[in-house]
Structures are given as structure tokens and as C-alpha cells.
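The chain contents come next:
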Amino acid sequence: MRSDVVVIGGGAIGAAVAYFLKLLDAGTAVTVLERDPTYGQASTPRASGGVRRLFSLPENIELSNFSILFFDEFAETMGVDGVEADIGLRKNGYLFVVPPSARDVLKRNFDTEQRLGCNVVWLEPDELKHRFPSMNVSDLGAAVYSPDDGWLDPHRVLMGFRKKAESMGTEFLADQVTGLVRQGNSVTSAKLKSRRQVEASQFVNAAGAWAKDICAMLDVKVPIEPLRRFEHYFECQDPIEPLPYLKDLERLAFRPESKGYTGGVPTLEEPRGYNFDVDHDYFEAVVWPALAHRFPQFERTRCRNTLPGLYDQNDFDGNAIIGPSADGLGNFYMLAGFSGHGLMHAPGCGRAMAELLLKGRYETIDLARLGWQRLLDGTPLREQGII
Ligand SMILES: Cc1cc2nc3c(=O)[nH]c(=O)nc-3n(C[C@H](O)[C@H](O)[C@H](O)COP(=O)(O)OP(=O)(O)OC[C@H]3O[C@@H](n4cnc5c(N)ncnc54)[C@H](O)[C@@H]3O)c2cc1C
């Protein structure tokens, strides 16, 4: 078999790349290799669905600006045969609260967000209390609220991209990549579990939490590790005013969902690995105290469900690795390491990767600083004051 571009991994990221490739050049043959079309362990359907502009790095803010506007029109743009692709977008806002010690960093980020055109509102603790009367603000120094952000349904985003890309001629092969053939500074083909082989001119590693296994097939080491985190669904008997997606510096992150709330407290202390076990004590030991501290109503909350999932955690600096040149390989492109931001950035990254593959340069958002070179230079590009 032969294709122009082979995308390894058909989650939100891989499917978005396929869509934008076809959009920019309908004649490009695109094959997405996805071993599990049910996405049983993939990260995308397990995500919380938060979409926000609250970052410190201009690249991440611009990715959000592009992506959230794209999500605004997703239903129509991704419609196939007159059927809209509803993604359940709720623009109920995103709120980032910090202690007094983090005010200055929050203010710097707020200024950057404003400079890049985001609609963000600075809130002092009394203003925060006025807007959200149930919230305990006694230990808070300030907050930034972005009313145009919110959340959506991750699985529907994935299926929207996938179905649209398929309707435009992308082939999704249900097969597992078991090896990659390297000749000098190029990858020439992917070996599949079915014993088939796909040759291509360009290869994209969009395997998420499994990206390092794909790299290992080329003897390339990458600091992207699978990091388990739990998404809990919990309910609260005592009413709370309508809340946005809320996040604090202790890593508490949650939002309203149906009759209750969904969210958790991810930790970087978690051992790396493909671990899908559920720790049923985690909610009570870690999440519940954080919730009850912020809103007294959660003193009487109850966890109804806990879903484990994996971050593709970039232990080098917590940001995606985007672009070619891993170990000098000119036609092998990384697109992984999103460390918890991949869903919200799928449109922007999909577009950027398509530009890079087809035109050899970024046209919409310059993501050059997120390339492989920073690993070689030992210069991490970390978010500041944002988790
Ligand atoms: C609990 C949780 C909450 C999250 N919340 C958010 C959030 O609120 N907002 C946000 O933006 N992000 C969030 N994320 C992160 C987000 O889910 C990921 O960044 C994003 O889904 C990554 O998409 P992906 O396509 O790279 O990975 P995946 O969806 O995991 O897709 C990778 C695919 O590669 C396939 N694959 C792997 N190896 C091979 C192989 N050898 N051959 C063929 N196929 C292969 C896998 O089967 C998989 O389907 C969250 C993640 C978790 C776990």
C-alpha cells in the first residue's frame, strides 16, 4: 500500500490532521492508522472537555483562539450529508483562581491574554465572591475569568473530525503499527500487525500517550510518558449557583455536568505507565477535601463514577512536541506530548501540522518554538503559573 501521508493514531489529534490535510489539498492521499476504532483506551473520549484561552505561552493562547472559534462553527463545518456535527459546546466560561502569592504571575498572563485578543476579566476576591457567592475566597488573591471559554463533548469532537475526514477521502485503517522502516534520515514505511505495510512520503506520530512506543520503533527517545489521571463524576445535594469550568493552582479542576459535576485533581506524582486501575480512595482522600474547601456545599458530595485516562505527559516541559527532525528524521513529524491540553488544541494543531506537511512552513500560527530543537538545546518552554 502507498499513501502520501500516514498518520499514526486516529484520536482527536490524528483525525484533525487528516481533516486539515484534505481541506488544504484534497488531492493528498491520507491514511490514518488507528488500532482501535472503538477508542477503548484512547485519551480523547476520556477527557473532561475543557476549552480555555487561559495560558501564559503565546503559542498556547493562539492555539486556543483558533480552536475555540473553530469549535464555535464545528457543527456546520464538520457536517456530513446535511447532518450537523453537534459537539455540545457550552460557553459557560472558565475561571482560574490563585492565592495571593501567585497574583503577579496571574497578572502577567492576563496581560498576555489581553494582548492576544482574549476576552478576559480580572477579578479581585470581593468581585469573585459577588459573582460566585458560594465560593470560599478567603485564601484567594485574584482570579481571571474568560466568559467565552467553556467545555464540549470530546467524543463528539473526535467523531466529527473523523467522519468529515473520511467523507473527504481519508482512509482510516483499523490496524496497529508494529514497526517503522528507516532508511538514513527518512521513514519509508509502517509495518502493521496484519502484516501489511504502508509506504508514504511523510509520517505523523499522533499516538498520544503511546507516542514514545512509536518513537522507540525508530530507536528515538522522547520524554513523553503515559500519566494516569482520574475524571470523577460527583453530585451535590445542596444547590450552588451556576459555575464555569473552575481551576486552581492546587490542580483542582471541575465543571458542571448534567445533574452534578465532573473533574478531578490530577497529580504529577503519579508513577508513569499504562495504568487504567481505579483508586477508589482517591476522590475521598484528595478531591473531596479540595472541593469542600472551595465550596461548603461539597461537604456532602458523593462520587458516582471514576474514569481513569492517560495524559500524554511531556516530562521535559509540559507542552506538545510538534514538527520533524527527531533524531534527524526529516519526514517523521511529532504531534504529541499535550500534557492535558490536546483536545482543546486539536483544531489549531491539526491545521498547523497540515501546513507544515504540505507547505513546509507554518502559515496560521507559528509553532516553531514547540519543535524538537528545544529538546536538543535543553531549553524547556514551560507554562508559567498555569497548570
Ligand atoms: C481524564 C482526562 C481529562 C482531560 N481533560 C482535558 C480537557 O479538559 N481539555 C483538553 O484539551 N484535554 C484534556 N485531556 C487531554 C486530552 O484528552 C488529550 O490531550 C487528547 O485527547 C490527545 O489526543 P490524541 O489524539 O493525541 O490521543 P488519543 O485520543 O489517545 O489517540 C491516540 C490514538 O493512537 C492510537 N494508537 C496508539 N498506538 C498505536 C499504534 N501502535 N498503532 C495504531 N494506533 C495506535 C490509540 O489507539 C489512540 O486511539 C484530558 C485527558 C484525560 C485523560
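Residues numbered from 1 in each chain as written. Predicted model: local features only at pLDDT ≥ 70, side-chain atom pairs only at ≥ 80, totals over all residues.

> Sorry if this is basic, but what is going on with helix α1 (residues 12–24) here?
Think of an α-helix as 3.6 residues a turn; residues three or four steps apart then line up on the same face. Here α1 spans 18 Å end to end across 13 residues, near enough to the 18 Å set by a 1.5 Å rise per residue. By the criterion of burial, α1 is predominantly enclosed, with 11 of the 13 residues buried. When α1 is considered as a whole, its buried residues turn out to be Ala12, Ile13, Gly14, Ala15, Ala16, Val17, Ala18, Tyr19, Phe20, Leu21 and Lys22. The elements touched by buried residues of α1 are β1 (5–8), β2 (30–33), α6 (154–167), β12 (202–205), β19 (332–336) and α9 (342–359). (Helix = DSSP H or I, 4+ residues; strand = E, 2+ residues; numbered from the N terminus. Expected span 1.5 Å × (residues − 1). Buried ≥ 20, exposed ≤ 12 C-beta atoms within 10 Å, placed from the backbone. Contact = placed C-beta atoms within 7 Å.)

> Explain the domain arrangement of the chain to me, please; I cannot follow it from the model alone.
You'll often see interface size given as the accessible area lost when the parts meet. On domain assignment, one finds that the chain holds domain 1 (5–81 + 153–223 + 316–377) and domain 2 (94–149 + 225–314). For domain 1 versus domain 2, the separation of C-alpha centres amounts to 28 Å. Facing 33 residues of domain 1, the contacting portion of domain 2 comprises 28 residues. (Domains from an automatic or database assignment.)

> Would you mind going over the site of the ligand with me for this structure?
In the region of the ligand, 40 residues are neighbours, and Gly9, Gly11, Gly208, Gly309 and Gly342 sit closest. Those elements that provide at least two residues to the shell around the ligand are α1, β13 (224–236), β17 (301–314) and α9. The leading source of residues in the shell around the ligand is β17, at four residues. Here the residues of the shell around the ligand are counted per class, giving 18 nonpolar, 15 polar and seven charged. (Near = placed C-beta within 6 Å. Nonpolar A, V, L, I, M, F, W, Y, C, P; charged D, E, K, R; others polar.)

> Whenever I open this one, unusual backbone geometry confuses me. Can you help?
Most peptide bonds are trans, and most residues other than glycine sit at a negative phi. In this structure, Asp81 is a non-glycine residue whose phi angle is positive, near 50°. By the secondary structure assignment, Asp81 is in the loop between α3 (74–77) and β4 (94–98). The exposure class assigned to Asp81 is exposed, which follows from the 6 C-beta atoms found within 10 Å. Positive phi is not limited to glycine here, since Arg251 has a value of about 80°. Checked against the element boundaries, Arg251 lands in the loop between β14 (245–248) and β15 (253–257).

> Any chance you could explain the sheet that holds strand β8 (residues 171–173) here in plain terms?
Hydrogen bonds between backbone groups are what pair the strands of a sheet, and the pairing can be parallel or antiparallel. Pairing is mixed in the open sheet, where six strands are placed in the order β8-β2-β1-β12-β19-β18. Both outer strands of the open sheet, β8 and β18 (321–323), are each paired with one neighbouring strand and no more. On average, adjacent strands in this sheet sit at an angle of 25° to one another, irrespective of strand direction. The sheet contact formed by β1 and β12 spans four bridges and is parallel. Each residue of the ladder has a partner; that of Ile8, found in β12, is Asn205. Against the sheet, α9 contacts β1, β12, β18 and β19, and its axis sits at roughly 170° relative to β19. (Pairing = 2+ DSSP bridges. Axes fitted to C-alpha atoms, helices over the stretch in contact; angles between N-to-C directions.)

> Can you walk me through the pairing of β13 in this structure?
Within a regular strand, the side chains alternate between the two sheet faces. With 10 of its 13 residues buried, β13 lies for the most part within the structure. Where β13 and β17 come together, 13 bridges link them in antiparallel fashion. Considered in β17, the bridge of Pro226 is made with Asp312. Relative to strand β16 (residues 260–264), β13 runs antiparallel, the two being bridged by three bridges.

> Please clarify how the sheet that holds strand β10 (residues 186–192) should be interpreted in this entry.
Taking strand neighbours across the sheet as the criterion, the three strands line up as β9-β10-β11 in an open arrangement whose pairing is antiparallel. Pairing within the sheet leaves two strands with one partner each, and these edge strands are β9 (177–183) and β11 (197–199). Taken over all neighbouring pairs, the strand axes of this sheet differ in orientation by 25° on average, direction set aside. Examined bridge by bridge, β10 and β11 share three bridges and lie antiparallel to one another. Within the sheet, the bridge partner assigned to Ala190 lies in β11 and is Val198.

> Even after reading the chapter, I still don't get the environment of Pro226, so can you show me in this structure?
If you trace the backbone, Pro226 turns up in strand β13. Residues Pro226 and Trp210, 16 residues apart in the sequence, show an inter-C-alpha distance of 7.1 Å. Excluding residues that lie within four positions of it along the chain, Pro226 makes contacts with Ala209, Arg272, Gly273, Tyr274 and Leu310.

> What exactly am I supposed to notice about the packing of α1 against α6 here?
Packed helices, taken two at a time, are described by the angle their axes make and the gap between the axes. Interhelical geometry of α1 versus α6 gives an angle of 35° and a closest axis separation of 8 Å. Seen from above, α1 lies across α6 with left-handed handedness. The residues of α6 that touch α1, namely those facing Ala12, Ala15, Ala16, Ala18, Tyr19 and Lys22, are Pro154, Val157, Leu158, Phe161, Arg162, Lys164 and Ala165. Here the residues of the contact of α1 with α6 are counted per class, giving 10 nonpolar, no polar and three charged. (Left-handed = near helix turned anticlockwise from the far one by under 90°.)

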